[in-house]
Amino acid sequence: MFKLLLVTVLMLGILSVQAEFDVQEEIAKFILLANECREEVGAKEADIQDLIHRLPSAGREGKCLRACLMKKYEVLDANGKLVKSIALEHAKKFTNSDEDKLKIAGTIIDMCSAMDVDGDICEAAEQYSECFKKHAKTYGIRLEI
């Protein structure tokens, strides 16, 4: 179950640390939303596995699964654009407002939100996910499963 929380953190482009919030509640919320999205977009188990293992989506359903989750967490708007303020709020929660970690998360959010993404919301979600992963690696952030 902890794997799903780490996937959520990566999707939001923020840091995963011990935080003072209910981890079990966050995991339950993620599972609920992931199942809703899976049904909405027709995703398969392989799409879920790609998400869990931080792999690029193999097909359209996987990309749309990511978009659906990002929209449900309100970090992606209806036009497929990253909502920086919401992403930063999630970062505060997952970093327990640690100033150094929050600064890095903010930098990553800024860089990814500034990029030009595809007009297709599913493609945009995939591009944001890859951006988060790339910059997390650049900053030495390791999200271990």
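From a predicted model like this one, the values you see are computed outputs, not experimental measurements.

Moving on: the environment of Gly59. By secondary structure assignment, the location of Gly59 is in the loop between α3 (45-52) and α4 (60-72). Residue classification places Gly59 among the partly exposed residues on the basis of a relative accessible area of 22%. For the pair formed by Gly59 and Ala46, sequence separation is 13 residues and the distance between their alpha carbons is 9.9 Å.

The geometry of helix α2 (residues 23-41) relative to α4 is characterised by a closest axis approach of 9 Å and an angle of 135° between their N-to-C directions. When the axes of α2 and α4 are compared, the pair comes out oblique. Seen from above, α2 lies across α4 with right-handed handedness. Contact residues: Phe30, Leu33, Ala34, Glu36, Cys37, Arg38, Glu40 and Val41 in α2; Glu61, Cys64, Leu65, Cys68, Leu69 and Lys72 in α4. Residues that form the contact of α2 with α4 fall into these classes: nine nonpolar, no polar and five charged.

You will see that Arg54, though not glycine, has its phi angle at about 60°, which is positive. Relative to the assigned elements, Arg54 resides in the loop between α3 and α4. Looking at Arg54, the relative accessible area reads 28%, which means it is partly exposed.

It is worth spelling out the state of the cysteines at this point. Counted according to the given criterion, the structure contains three disulfides. Bonded cysteines in the protein chain are paired 1-3, 2-5, 4-6 when counted in the order they occur along the chain.

Turning our attention to the packing of aromatic side chains. Scanning all chains against the criterion turns up one aromatic pair. Plain terms: the ring middles of Tyr128 and Phe132 are 6.4 Å apart, the flat faces sit at 20° to each other, and that makes the pair stacked. Of this pair, Tyr128 and Phe132 both sit in helix α7 (residues 121-138), four residues apart, roughly one helical turn. Given the relative accessible area of 1%, Tyr128 is considered buried. Taking relative accessible area as the criterion, Phe132 reaches 1% and is therefore assigned buried.

Take Leu65: it is sitting in helix α4. The class for Leu65 is buried, based on a relative accessible area of 1%. When the C-alpha atoms of Leu65 and Cys122 are compared, they prove to be 7.8 Å apart, with 57 residues separating the residues in sequence.

Put simply, the protein chain has an average pLDDT of 82, and 83% of its residues get 70 or more. Mean pLDDT values over the elements of the protein chain span from 44, in helix α1 (residues 2-12), up to 96, in α4. Ignoring residues within four places in sequence, the model shows residues 12-19, a span with pLDDT below 50, making 35 contacts including any to other chains.

On to the pattern of salt bridges. Under the criterion given, the structure shown has 10 salt bridges. Arg60 is the salt-bridge partner of Asp120, the closest N and O atoms lying 2.9 Å from each other. Note that Asp120 is positioned in the loop between α6 (99-114) and α7 and Arg60 in helix α4, a separation of 60 residues in sequence. A salt bridge links Lys133 to Glu130; the nearest nitrogen and oxygen atoms lie 3.8 Å apart. Taken as a pair, Lys133 and Glu130 lie in helix α7 at a separation of three residues, close to a single helical turn. The exposure class assigned to Lys133 is partly exposed, which follows from its relative accessible area of 27%. By sharing partners, the salt bridges in this structure join Glu36, Glu40 and Lys72 into a single network.

Parameters and conventions
- Residues numbered from 1 in each chain as written.
- Predicted model: local features only at pLDDT ≥ 70, side-chain atom pairs only at ≥ 80, totals over all residues.
- Heavy atoms only, no water.
- Helix = DSSP H or I, 4+ residues; strand = E, 2+ residues; numbered from the N terminus.
- Buried < 20%, exposed > 50% of the residue type's maximum accessible area, 1.4 Å probe, protein only.
- Axes fitted to C-alpha atoms, helices over the stretch in contact; angles between N-to-C directions.
- Parallel < 35°, antiparallel > 145°, perpendicular 65-115°, else oblique.
- Left-handed = near helix turned anticlockwise from the far one by under 90°.
- Contact = heavy atoms within 4.5 Å.
- Nonpolar A, V, L, I, M, F, W, Y, C, P; charged D, E, K, R; others polar.
- Disulfide = S-S within 2.5 Å.
- Phe/Tyr/Trp six-rings, centres within 6.5 Å; stacked < 30°, edge-to-face > 60°.
- pLDDT = per-residue confidence, 0-100.
- Salt bridge = Lys/Arg side-chain N within 4 Å of Asp/Glu carboxyl O.

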